[in-house]
Amino acid sequence: MKKKTSTKLLDFKAMNNATRITLLVGLAAFFFGIFGLYTRLFVGEREVGYGSYVVWGLWVAMYLFLAGIATGSYMLAALEYIFNVPIFKGTGKAALFAGLVTMPAALASIGMDLGHMERIIKVYLQPNFFSLLAQMVWGYTLFLLVVIVTLWLAFKQKDGQPTGTFFKIVLWIGFFMSIFLSGGVGALLGVNASRPYWTVGLLSVQFPIFAFASGVSLMLIVIGWFMHFKDEEQRYHLFRWLGWVAIALSLSKIYILWAYLSQAWYSQIPDVMAPLNEILFGRYWFSFWVVQIAIGTVIPLVLHMIPKLAHNGTWAGLIGLMVLIGFAAARTNIVFPAMSVEMLDGLPNAFFGPHLSILYTPSNLEISVTAGVIGAAILAFVLGAEILAVFNKPKMEVK
Amino acid sequence: MAQEPKDVLVRMNEDLQRALEKAPEDRHWVMVIDLRKCVGCHACTIACVAENKLPPGVVYRPVLEKETGTYPNVTRSFLPRPCMQCDNPSCTPVCPVSATYKNAEGVVVVDYDECIGCRACLVACPYGARTSDFGYTYTEELPVLDGAIVGREAADDYECAANYEYGKEWAREGHRGSPIGNARKCHFCLHRIHEGELPACVTTCIGRATLYGDANDPDSLVTELIKSPNLIRLKEELGTEPRVYYMV
Ligand code: SF4
Ligand code: SF4
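Computed from a predicted model, the values in this text were never measured in an experiment. (Residues numbered from 1 in each chain as written. Chains lettered and ligands numbered in written order. Predicted model: local features only at pLDDT ≥ 70, side-chain atom pairs only at ≥ 80, totals over all residues. Heavy atoms only, no water.)

Peer 1: I tried to follow the site of ligand 2 on my own but got confused; where do I start?
Peer 2: Close contacts around ligand 2 come from Cys-95, Pro-96, Val-97, Thr-100, Cys-115, Ile-116, Gly-117, Cys-118, Arg-119, Cys-121 and Ala-183 of chain B, and that covers them all. Counted by class, the shell around ligand 2 contains 8 nonpolar, 2 polar and 1 charged residues. (Near = heavy atom within 4 Å. Nonpolar A, V, L, I, M, F, W, Y, C, P; charged D, E, K, R; others polar.)

Peer 1: Is there a simple way to explain the layout of surface pockets in this structure?
Peer 2: If a probe as big as a water molecule is rolled over the atoms, it shows which places are left empty. Residues and elements named next belong to chain A. Here the largest pocket defines a volume of roughly 1100 Å³. Of all the elements in the fold, those that place two or more residues in the lining of the largest pocket are helix H1 (17–43), helix H2 (58–81), helix H3 (92–112), helix H7 (203–226), helix H10 (285–304), helix H12 (313–339) and helix H13 (364–387). Here the lining of the largest pocket takes 8 residues from H13, the largest share from any one element. Considered class by class, the residues forming the lining of the largest pocket number 34 nonpolar, 6 polar and 1 charged. (1 Å grid on protein atoms, 1.4 Å probe; cavity = no way out; pocket = protein on both sides within 12 Å on 5 of 7 lines; lining within 4 Å. Points joined across faces, edges and corners; volume = space filled by probe spheres on them. Helix = DSSP H or I, 4+ residues; strand = E, 2+ residues; numbered from the N terminus.)

Peer 1: For this particular structure, what's the right way to read the pairing of strand S1 (residues 29–34) of chain B?
Peer 2: Consecutive side chains along a regular strand alternate between the two faces of the sheet. Residue and element names in this part refer to chain B. Counting buried residues along S1, 6 of its 6 residues qualify, which places the element largely inside the surrounding structure. Judged by which residues are buried, S1 turns out to be covered on both faces: Trp-29, Met-31 and Ile-33 on one side and Val-30, Val-32 and Asp-34 on the other are all buried. As paired strands, S1 and strand S8 (residues 210–214) are joined by 5 bridges and run antiparallel to one another. Residue pairing across strands places Val-32 opposite Leu-211, the latter belonging to S8. Sheet topology note: the S1/strand S10 (residues 244–247) ladder contains 4 bridges and is parallel. (Buried < 20%, exposed > 50% of the residue type's maximum accessible area, 1.4 Å probe, protein only. Pairing = 2+ DSSP bridges.)

Peer 1: What exactly am I supposed to notice about the site of ligand 1 here?
Peer 2: Close to ligand 1 lie 14 residues, the nearest being Cys-83, Met-84, Cys-86, Cys-91 and Cys-125 of chain B. Split into classes, the residues belonging to the shell around ligand 1 amount to 10 nonpolar, 2 polar and 2 charged.

Here's what the structure looks like:
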């Protein structure tokens, strides 16, 4: 593998400012996370904000978010290697590597949520395959193996060479897995008739689309901030096309969100309306209107339409980042409010004690662990990609 | 002269002894809660906490209170909520390791040694009947009084001494061992039942509002009661087939 400017494994001097800043942010997040990771691993789960009524919190939401990036990135790589889509040319390795990093981060995030982490092995040894959770643990573990094999094959393949049959088979397997698994996490929530807000139609089908959109957003960051281009013209072309893809995805996102929320609204079912009210006007309004809608959807859409900004590396990366932040908020808005309802009238007030509330705010411990996991993922991604020269963009024709 | 009617506790006790002579799969445990008799004293909640040594944040049988109407036409009603021991439970199929299941007697149990603490069952239960054990004790924040005969340490010892859920010893040692980190729920006091004793909530209920027995026994009290027309089950529309009936 050829390194761009230096023979050293890592040459910080050769890195651009965006790469250095990202590494610093990753490092800061990881250091902030050490407190949380230590507390969670060696003290326990007491300091978390979730509990017996709001059962799943930030870590589960981040699992959905990170797993979405992993599967979405794989879909993107498949578009390059299987379908030869020109606009994605040259992004395959970076996308696969993103999958390789975000998948373990997703599994770490969900692992933190287990009351008995050390027993995770039981899901492999004595699984109940009827349980979607068991299916997801197995599915994502196999998917991680497929990502590793695909990446290995991608490295073996020389640029411009046609994709070999074995490589294609692996890619097809991974492609299907990425679609089914990204939808599966939606189904994991949707099968719970106990939580009517999750049973509104369209919940699980939106997940693969959102996963793909998060893969594209990550690629905007990668191309905008990290990729070394031999020819700036190439970067410009990629932005132009990826920008259009991102606009199309943003519009579909808005449409799906409207379809989902309006369906919930017009049902007027009290147990569906309660979480919806919390999202639109209650506890989660900021996360919904400001982070998910404004920062994550509308502003990026507007910026995409301004060619001067959309074709500028720094801005394009920023747009990608905003969309990703919006997706993270979207995941929390799916997970938390659905559980902020009284399962039976008066249940939260019938008995008082720690973790018996339907009001949920992520605790410092949860935020710290999440920062640690994401920080570690950022460091692993940027450093790993620099070492493996994943960010070196080969010169190619982009029409 | 007409025969004095038996106290329901005596009758239920006799029903229980008869049921225990049968094979487990021939018993059909049900609970009937007469809401007209419940005075909202919460004795059953506390009896359950004491029997199963439940830590803070874990509750098997809260009593829900509801106030309806406006002054002066106000009523207060109470609804004790144990696990419904559903015949078609939504909590068991979601368990990734089959740690929770319906046992031979039809009671939904949790195998604390197998449970990984994913809380999927808490999410799936439509009655909020499961709580997670986060490892607290009631006494941990209390000051120790020097010279007190019975101080925090004695209370601590009591709290950390084993309970006998599912017929096994579960001591609270350290912060990590089961049942800490597990999903926990009402199990109709199976450990007492197998010793020939009624569930703690049944024997403690001051209004004799909680009734228990084998619905497969034509002579049992509960068989008689579940024929009444004034019975409801919670969220029956979900098809969970609860084994807890409410008389209204
Ligand atoms: S009440 Fe909930 S925990 Fe109990 S059996 Fe039914 S679904 Fe399971
Ligand atoms: S918390 Fe335990 S009993 Fe409940 S689903 Fe998870 S592993 Fe099964």
